[in-house]
Amino acid sequence: MRKKGFYVCGVFGILGNYDPHIARAALEKLSHRGRDHCGIVERDTLFLAHQRLSITDPHPRSHQPMGRGNIFISFNGEIYNHRELKRKLSATHWEGESDTEVVLVAYEKWGIECVQHLEGMFAFALIEGETLYLVRDRFGKKPLFYHQSPDTFAFASEIKALKPFLSSVRLNDEALHSYLSFLAPTPPHTFYQGIEKLEGGEWLRYERGVIAKKRYYNVLDTPSSSITLLPQALEQVEGHLHRSIMSRLETTAPVAALLSGGLDSAMICAIARAQGKKLPTFTLGYDEYGNYDERQKAANTAEYLGLENTPVIISRVDFEEHLDELLIQLDEPLNDPAALPLYLLMQKIGTDGHKVVLSGEGSDELFLGYRQYFEYLDIEKAASLHHKNWLKKYFHSHFSMNREWEWYKRVFDGSLLFRTSGEKFTDLQQNILFRSNVRDNESLRFLNPYWELFEQSSHSDPSLWYTTIDLKLFLGEHFLTKLDRVSMAHTLEARTPFLDYPLVETVLSIDPALRIGEGKPKSLLRAIARNYLSDEIINRKKKGFSNPYMEWLIQSDRIGLIKEVNDQSGLFHSETIDKYIEMARRGRFKQHVWGLYVLSHWIKRELL
């Protein structure tokens, strides 16, 4: 097998006036993304750099930034079909074996439309003369941020490398409200005024001080209901799963897999096993809290597949010791209580010598793995009730903090019901929380661009809206952001086989009735799983990465930070903060409070 270049990397650059000392200090903040080589192209008005981790092709000819003529690229990720593209571009003389060189040559042939030919996970900066392109892969697996000032345009794989270019740190209110609504800031917003992020499936062109953007990929362009027979659907999905996993295993680097007690990780390991690859697996456990622990179920799956399984035990001591460093590593607030356990799990995987890890992100969104999807589908039916106006008046006059109240109110109002699986603080909850007024349905401004695309598409079934908006925001800006930061913090590449775009498009082209099945989560995937796993594994209830984060937050007395910061900032009503904290102590609204804690940690660190 010919070796290929593989890059766990940091992308960084500046166009315009810059201080070389500040530029190098900013670049150093990305060193964890690639410690094997730091390459720099430095000119009067150009600073283009790359932090590289060499896994299988360490030859200097594959170092970055890489150039051909007046074209330079700094590339993060991997192009899985680069060998196929190389054959299409066969007339070219090749200097090495890297997929980065393939992207360069593809750009020479097709221009920026070369992105349509790329399969994989990637974020890259490409400069030709005075024109810069920033590109992020279809689903946003790899990040890219940018900052524009009157005489400078800077970009980087992480926010921390752009902060030195801000004159001061100021809170972006749009990021704050979208974070409270949907667990993470929606594109293009970040918590830092002056720093924005590129959206998945989007490219940006910067030329002579002018920014232009284009959405080059829209998953809704997938034809609606072109697969109407169940055997055809199962055969095509299974075939794509095999190809996706096989392409992500084509490396000589040590590969591991995450293994919970659930179906998604078990399927990845089972198909890899069927392809002759017995992956070492890693599982989280909590000695003090058996109800969160999945070690035994994961061990049973590993035994069934003949795989080695390593349990990683997380304690309250680990929580207190590492929480601050994790939140700093994330750069900005991200409301995901599983981030710290996953951060420590990735640390163990990296310490054991693995460079690549497979993870199951995307399966729940594609195969309707969240039970609430079916609850929403059922509630949608209430829109056709004859006496819904009476119910509308009743719900408006009987406010409740419970999410079910909000769901029915929306249906009777004729408003958009499903607003991502990650929706946390509703607009009315935010109105009670903030000292400033928040109107009902105000958060819809963050969703409207995507809802318009859905209405213009050939899809109409609500389940397709659930999946596509979750792929865009709940997954793309929340889960994948977490996965990138916690893996790259330990110079580890995380790959997500369920997010292979031909697989995604195949699933979305299946008749919704087949995907929904009898109203049980993941009916299609469970049917395929019968070829690989036992009924006991297939029928287990989903747990996900649940963990005792609130118990630890309370026991460590860290929860008091929320009140401390609010007393100084005056952002929220203190009595509402007290009410949320008290409910969290009783086991309610726990993720709401975790989101407030993470936000408070950032405010204290950056603004106070």
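Parameters at a glance
- Residues numbered from 1 in each chain as written.
- Predicted model: local features only at pLDDT ≥ 70, side-chain atom pairs only at ≥ 80, totals over all residues.
- Heavy atoms only, no water.
- Helix = DSSP H or I, 4+ residues; strand = E, 2+ residues; numbered from the N terminus.
- Rg over C-alpha atoms; globule rule 2.2 N^0.38 Å.
- Buried < 20%, exposed > 50% of the residue type's maximum accessible area, 1.4 Å probe, protein only.
- Contact = heavy atoms within 4.5 Å.
- Areas by Shrake-Rupley, 256 points an atom, 1.4 Å probe, with all protein chains shown as cover.
- Lys, Arg positive; Asp, Glu negative; His and termini not counted.
- Charge placed at Lys NZ, Arg CZ, Asp CG, Glu CD.
- Salt bridge = Lys/Arg side-chain N within 4 Å of Asp/Glu carboxyl O.
- Expected span 1.5 Å × (residues − 1).
- Bend = angle between axes of the 7 residues up to and from the residue.
- Phe/Tyr/Trp six-rings, centres within 6.5 Å; stacked < 30°, edge-to-face > 60°.
- Lys NZ or Arg CZ within 6 Å of the ring centre and 35° of its normal.
- pLDDT = per-residue confidence, 0-100.
- Pairing = 2+ DSSP bridges.
- Axes fitted to C-alpha atoms, helices over the stretch in contact; angles between N-to-C directions.
- Parallel < 35°, antiparallel > 145°, perpendicular 65-115°, else oblique.
- Left-handed = near helix turned anticlockwise from the far one by under 90°.
- Polar contact = N/O pair within 3.5 Å; in protein donor to acceptor, adjacent residues only side chain to side chain.
- Core = buried A, V, L, I, M, F, W, Y, C linked by side-chain atoms within 4.5 Å.

Things to note about the overall build of the chain
And then number 1: Within the chain, the secondary structure is distributed over 24 helices and 17 strands.
And then number 2: The C-alpha atoms of the chain give a radius of gyration of 24 Å, which matches the 25 Å a tight globule of 608 residues would have.
And then number 3: In terms of its C-alpha atoms, the chain occupies a principal-axis envelope of roughly 70 × 60 × 50 Å.
And then number 4: Buried residues in the chain amount to 62% of all 608 residues.
And then number 5: Summarising the internal contacts of the chain: among those between residues at least 6 apart in sequence, 73% fall at separations of at least 24.
And then number 6: Accessible surface, the chain: about 23100 Å² in total, of which carbon and sulfur atoms supply 48%.
And then number 7: Mean positive and mean negative side-chain charge positions of the chain (74 and 80 charges, respectively) differ by 2 Å.

Some thoughts on the pattern of salt bridges
And then number 1: Overall, the coordinates contain 45 salt bridges when judged by the stated rule.
And then number 2: When the shortest N-O distance is used, the salt bridge between Lys522 and Asp264 registers 2.6 Å. With Lys522 in the loop between helix H18 (512-516) and helix H19 (523-529) and Asp264 in helix H6 (residues 263-274), the pair connects residues that are 258 residues apart, well separated along the chain.
And then number 3: The class for Asp264 is buried, based on a relative accessible area of 10%.
And then number 4: Salt bridges sharing common partners tie together Arg33, Lys142, Glu158, Lys160, Asp331, Asp484, Arg485 and Glu493.

Quick look at helix H24 (residues 590-606)
And then number 1: For H24, with 17 residues, the first-to-last C-alpha span of 24 Å sits near the 24 Å given by 1.5 Å per residue.
And then number 2: With 14 of 17 residues buried, H24 is to be regarded as a mostly interior element.

Some points on helix H16 (residues 462-488)
And then number 1: Maximal helix bending in H16 amounts to about 45°, located at Leu475.
And then number 2: Taking burial as the measure, the 27 residues of H16 include 26 buried ones, the bulk of the element.

Observations regarding the packing of aromatic side chains
And then number 1: Under the criterion given, the structure shown has 43 aromatic pairs.
And then number 2: When the centroid spacing of 5.5 Å and the interplanar angle of 25° are considered together, the rings of Trp451 and Phe454 count as stacked. Of this pair, Trp451 and Phe454 both sit in helix H15 (residues 444-456), 3 residues apart, roughly one helical turn.
And then number 3: On the basis of relative accessibility, which here comes to 4%, the residue Phe454 falls in the buried class.
And then number 4: Its guanidinium or amino end placed over the ring of Tyr217, Arg138 lies 5.4 Å from that ring's centre, counting from NZ or CZ.
And then number 5: The ring of Tyr501 has Arg138 lying over it, and the distance from NZ or CZ to the ring centre is 3.8 Å.

Quick word on the confidence of the model for the chain
And then number 1: For the chain, the average pLDDT comes to 93, and 95% of its residues sit at 70 or higher.
And then number 2: Low pLDDT, under 50, characterises residues 1-7; the stretch is placed with 37 contacts to residues that sit more than four places away or in other chains.

Details of the side chain of Thr186
And then number 1: In this structure, Thr186 sits in the loop between helix H4 (173-182) and strand E10 (196-197).
And then number 2: According to the relative accessible area criterion, Thr186 is buried, its value standing at 2%.
And then number 3: What Thr186 contacts, discounting residues up to four positions off in sequence, is Ser178, Lys197, Phe446 and Leu473.

Some details on the sheet that holds strand E15 (residues 309-313)
And then number 1: Reading across from one edge, E15-E14-E13-E16-E17 is the order of the 5 strands in this open sheet, with parallel pairing throughout. Edge strands, defined here as strands with exactly one partner in the open sheet, are E15 and strand E17 (493-495). Mean inter-strand twist for the sheet, computed between neighbouring axes without regard to direction, equals 30°.
And then number 2: Where strand E13 (residues 255-258) and strand E14 (residues 281-285) come together, 2 bridges link them in parallel fashion. Following the sheet pairing, Ala257 is matched in E14 by Thr281.

Brief notes about the packing of helix H22 (residues 560-569) against H24
And then number 1: Two numbers describe how H22 lies on H24: the axes approach to 9 Å, and their chain directions differ by 50°. One element, H22, and the other, H24, form an angle in the oblique class. Helix-helix and strand crossings are classified by hand; for H22 and H24 the assignment is left-handed. Contacts between H22 and H24 involve Leu561, Ile562, Glu564 and Val565 from the former and Val593, Leu596, Tyr597, Ser600, His601, Ile603 and Lys604 from the latter.

Comments concerning the sheet that holds strand E11 (residues 202-207)
And then number 1: Here we have 6 strands laid out as an open sheet, ordered E4-E5-E6-E7-E11-E12, and antiparallel in their pairing. Of all the strands in the sheet, just strand E4 (66-68) and strand E12 (210-215) have a single pairing partner and so form its edges. The sheet shows a mean angle of 20° between the axes of neighbouring strands, taken without regard to direction.
And then number 2: Where strand E7 (residues 131-136) and E11 come together, 5 bridges link them in antiparallel fashion.

Quick notes on the side chain of Arg136
And then number 1: As for its placement among the helices and strands, Arg136 is situated in strand E7.
And then number 2: Residue Arg136 is classed as buried on the basis of its relative accessible area, which comes to 4%.
And then number 3: A distance of 3.0 Å separates a polar side-chain atom of Arg136 from the backbone oxygen of Gly140.

Re the nonpolar core
And then number 1: In terms of nonpolar packing, the biggest core is built from 191 residues, with Phe12, Phe124, Met267 and Leu533 touching the most fellow members.
And then number 2: No other element matches H16, which puts 12 residues into this core.
And then number 3: In contact with Phe124, other than residues within four places in its own chain, are Ile73, Ser74, Phe75, Val103, Val115, Leu118, Tyr133, Leu134, Val135 and Leu144.
And then number 4: Membership of the second largest hydrophobic core comes to 18 residues, among which are Leu15, Leu46, Leu134 and Tyr206.

Examining the environment of Lys86
And then number 1: Here Lys86 is to be found in helix H2 (residues 82-88).
And then number 2: Residue class for Lys86 comes out buried when judged on its relative accessible area of 12%.
And then number 3: The spatial distance from the C-alpha of Lys86 to the C-alpha of Lys277 is 26 Å, given a sequence separation of 191 residues.

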